[in-house]
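An overview of the molecular structure
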Amino acid sequence: METDTLAVTIGKNITRLRRIANMTQLELAEKLNYSDKSVSKWEQGNGVPDIRILVQLADLFQVSVDDLVREHKEKPIVPKSTRNMRRLIIMLCSVGLCWLVAVAAFVFIGIGAPKVPYLWLAFVYAVPASAIVVLVFSCIWQYKTVRVVSVSVLIWSVLACIYLTTFVCGVEENMWLIFILGIPLQVLALVFFVWWKRLPFFKHKH
């Protein structure tokens, strides 16, 4: 009885994932070097693929074997490629919102107070704002490389904002020295976001 239930669950998952991938049973069978009759039998719950085929299916659909054998009542299985694409779109839209605010500030301040100088600073401030948005999402979604890059951009863009703001305010003397702060900050960021789990203290704690 349990085997029959498992076969039906796997069959439903294979059918769903095959349709998401826009493949026919024949196309899936060719990729697995099996007949379309075998694929049809699996999808109808009349048989269970062996573990080797399950691993192939998981790799093909970019999901885990556990995703194939578990019943998914609350939400459908979403392949990794589709999930990553959705996340990228969300991230880009959020960053775009930062730049939309910068453009709106530039336009409306330019219209309402045309004598206000250095309106272009709105676009400079949009850079660290965008980096913060990307950093938040990369921490939530555990994208380590994106996280490191966004922290680096945040550090140097904030320093650039400070430098340019003081420059336009007439404070020029030795303000370039502020960029020296970026060196230790960058090193600390790399240590924390890249190697902190490898440090002996954290390994022992874990």
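Computed from a predicted structure; not experimentally measured.

Time to look at the overall build of the chain. The helix and strand tally for the chain stands at 10 helices and zero strands. Going residue by residue from the N terminus, the α and β elements of the chain occur as α-α-α-α-α-α-α-α-α-α. Relative to all contacts within the chain whose residues are 6 or more apart in sequence, the contacts with residues 24 or more apart total 57%. About 13,600 Å² of surface is accessible on the chain, with carbon and sulfur atoms providing 67% of the total.

We now examine unusual backbone geometry. Residues other than glycine seldom take positive phi values, yet Asn 22 does so here, at roughly 55°. Relative to the helices and strands, Asn 22 is located in the loop between helix H1 (2-20) and helix H2 (25-32). The phi dihedral of Tyr 118 is positive, around 60°, even though this residue is not glycine. Looking at where Tyr 118 falls in the secondary structure, it is placed in the loop between helix H6 (80-112) and helix H7 (121-140).

For the structure shown, the criterion picks out three salt bridges. Taking the shortest distance from any N to any O, the salt bridge between Arg 70 and Asp 66 comes out at 2.7 Å. For Asp 66, a relative accessible area of 39% puts it in the partly exposed group. The salt bridge partner of Arg 70 is Asp 67, with a shortest N-O separation of 3.6 Å. Relative accessible area serves as the criterion here: at 19%, Asp 67 is assigned to the buried category. It is possible to trace a salt-bridge network through shared partners that takes in Asp 66, Asp 67 and Arg 70.

Along the polypeptide, Ile 178 turns up in the loop between helix H8 (144-168) and helix H9 (182-195). On the basis of relative accessible area, Ile 178 is assigned to the buried category, the value being 14%. In the structure, Ile 178 is positioned 19 residues away from Leu 159 in sequence and 6.8 Å away in space, judged by C-alpha atoms. Beyond its immediate sequence surroundings of up to four residues, Ile 178 is in contact with Leu 159, Ile 162 and Tyr 163.

A few words on helix H4 (residues 51-61). Every buried residue of H4 is accounted for by Ile 53, Leu 54, Leu 57, Ala 58 and Phe 61. With its buried residues spanning 140° around the axis, H4 presents them on a single face. Backbone nitrogen of Arg 52 and a side-chain oxygen of the N-cap are separated by 3.1 Å at the start of H4; the cap is Asp 50.

With that settled, consider the side chain of Ser 157. Positionally, Ser 157 belongs in helix H8. Exposure remark for Ser 157: the relative accessible area of 9% places this residue in the buried category. Residues within four places of Ser 157 in sequence aside, it is in contact with Val 127 and Pro 128.

Turning next to the nonpolar core. In this structure, Ile 14, Leu 28, Leu 32, Trp 42, Leu 57, Phe 61 and Leu 68 are the most contacted members of the largest nonpolar core, which totals 16 residues. Going through the elements one at a time, H1, H2, helix H3 (36-43) and H4 are the ones with two or more residues in this core. Examining the composition of this core, we find that five residues originate from one element, H4, more than from any other. Excluding its chain neighbours within four sequence positions, the residues that come into contact with Leu 28 are Ile 14, Arg 18, Met 23, Val 39, Leu 57, Leu 60 and Phe 61. Formed by nine residues, the second largest nonpolar core is a distinct cluster that contains Ala 131, Leu 154, Leu 159 and Ala 189.

About the cut-offs
- Residues numbered from 1 in each chain as written.
- Predicted model: local features only at pLDDT ≥ 70, side-chain atom pairs only at ≥ 80, totals over all residues.
- Heavy atoms only, no water.
- Helix = DSSP H or I, 4+ residues; strand = E, 2+ residues; numbered from the N terminus.
- Contact = heavy atoms within 4.5 Å.
- Areas by Shrake-Rupley, 256 points an atom, 1.4 Å probe, with all protein chains shown as cover.
- Salt bridge = Lys/Arg side-chain N within 4 Å of Asp/Glu carboxyl O.
- Buried < 20%, exposed > 50% of the residue type's maximum accessible area, 1.4 Å probe, protein only.
- Arc of directions from axis to C-beta.
- Polar contact = N/O pair within 3.5 Å; in protein donor to acceptor, adjacent residues only side chain to side chain.
- Core = buried A, V, L, I, M, F, W, Y, C linked by side-chain atoms within 4.5 Å.

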